[in-house]
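The lines below spell out each chain.
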Amino acid sequence: MIVALITIALFTLASAALAMSLRNLIHSALLLVASWAGVAMFYLWAGAEFLAFAQGLIYIGAISMVVLFAVLLTRRSVAELAPAPDGKWRSVTAIYTGCAVAAVFFGAILFTPLNFSAGPARSFTVRELGQQLMGPQAAAVLVVGVILTVALLGGVVLAAVGRRTEKEDAS
Amino acid sequence: MSPLQLSLLFSSALFCIGLVGALARSNTILVLLGIELMLNATNINFIAFWRYGPNHTAGTGVIFVLFSIAVAAAEAAVGLALVIAVYRHQQSIRLQEANRLKG
């Protein structure tokens, strides 16, 4: 049980760290897909199967495609896939900040008495989840639907404005 | 060390990797992906507390993560649309060069 968790964590963290340190954008995006798959494996490990499938559909399936399209739409040549390295000072301060935040988190986790009993494996079926979502949480589901619709329409409008103005400029 | 603590350590390490990526990189797409990693780390926290928390019957953790994933998907869509809009104006996705409000 613990060994599986440690394996999943190491896989996810290694691919995330590699993705954030590589200079080639496409390699970074593909490694991030691996790290999202690691998070999905964590959900499976913790007994939230539906979430693992949702993570697979949304992150590994949809967001990775959107990111790859954005990478391909915003480059002019193959050389731009590996742009010039960022400033050294910027990276050093970012790593210092990250280490400081990590130290605060790790200290808080390790020195807090978390005496929850592990309990039996949780069984939360899709049927129960559906009943919760359509019953007590129905209003929240509606609000999330509205947010998603508005955000996606806004994304389309934002990405399409440039082309319209180009046409107006040309005419 | 209990599985809950291990899960929390895992999620905070993932959060910090995302934070370093979002702060260190000057490529806008990678900054967005760092923020996505941080959101994933918070979801891991929700699931860890749902699995090992004191209330053994409610499924609140799963439902919270579902809504969180939905909001993260909306954020990614709007963010990448913004990246494309900025690229149209500036012909670059480096953050340092996007320093004008009116392109």
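A.B. asks: In this structure, what is going on with the overall build of chain A? I would like to understand it.
C.D. replies: Per the secondary structure count, chain A includes six helices and zero strands. Secondary structure elements of chain A occur, N-terminal to C-terminal, as α-α-α-α-α-α. Out of the 171 residues belonging to chain A, those deemed buried represent 29%. Contacts spanning at least 24 positions in sequence make up 53% of the contacts within chain A whose residues lie at least 6 apart. With the model as given, the accessible surface of chain A reaches about 10200 Å², and the carbon-plus-sulfur share is 74%.

A.B. asks: Is there a simple way to think about the state of the cysteines in this case?
C.D. replies: Note: disulfide means a covalent bond formed between the sulfur atoms of two cysteine side chains. Tallied over the full model, the rule gives zero disulfides over all chains. Its sulfur unpaired, A:C99 is 8.1 Å from the next cysteine sulfur, which belongs to B:C16.

A.B. asks: Help me understand the packing of aromatic side chains, please; the structure alone is not making it clear to me.
C.D. replies: To describe a pair of aromatic rings, you give the distance between the ring centres and the angle between the ring planes. Using the criterion set out here, one finds seven aromatic pairs over all chains in the structure. Their ring planes at 50° and their centres at 5.1 Å tell us that A:W36 and A:Y59 sit as a pair that is tilted. Residue A:W36 is located in helix α2 (residues 25-46), and its partner A:Y59 is located in helix α3 (residues 49-73); the two are separated by 23 residues in the primary sequence. Centroid distance A:W45 to B:Y52: 6.5 Å. Interplanar angle 45°. Geometry classified as tilted. One end of the pair, A:W45, is in helix α2; the other, B:Y52, is in helix α2 (residues 28-52), on a second chain.

A.B. asks: When you look at α3(A) in this model, what are you seeing that I'm missing?
C.D. replies: Within an α-helix, residues lying three or four positions from one another point in the same direction, as the helix has 3.6 residues per turn. The terminal C-alpha atoms of α3(A) lie 35 Å apart, and with 25 residues this matches the ideal 36 Å at 1.5 Å per residue to within 8%. Taken as a whole, α3(A) carries its principal kink of about 30° at A:I63. As for α3(A), its buried residues are in contact with α2 of chain A together with α2 and α3 (60-90) of chain B.

A.B. asks: What am I meant to see in the side chain of B:R25 here?
C.D. replies: Relative to the elements of secondary structure, B:R25 occurs in the loop between α1 (3-24) and α2. According to the relative accessible area criterion, B:R25 is buried, its value standing at 10%. From its side chain, B:R25 meets the backbone oxygen of A:L22 in a polar contact 2.9 Å long.

The rules behind each value
- Residues numbered from 1 in each chain as written.
- Chains lettered and ligands numbered in written order.
- Predicted model: local features only at pLDDT ≥ 70, side-chain atom pairs only at ≥ 80, totals over all residues.
- Heavy atoms only, no water.
- Helix = DSSP H or I, 4+ residues; strand = E, 2+ residues; numbered from the N terminus.
- Buried < 20%, exposed > 50% of the residue type's maximum accessible area, 1.4 Å probe, protein only.
- Contact = heavy atoms within 4.5 Å.
- Areas by Shrake-Rupley, 256 points an atom, 1.4 Å probe, with all protein chains shown as cover.
- Disulfide = S-S within 2.5 Å.
- Phe/Tyr/Trp six-rings, centres within 6.5 Å; stacked < 30°, edge-to-face > 60°.
- Expected span 1.5 Å × (residues − 1).
- Bend = angle between axes of the 7 residues up to and from the residue.
- Polar contact = N/O pair within 3.5 Å; in protein donor to acceptor, adjacent residues only side chain to side chain.

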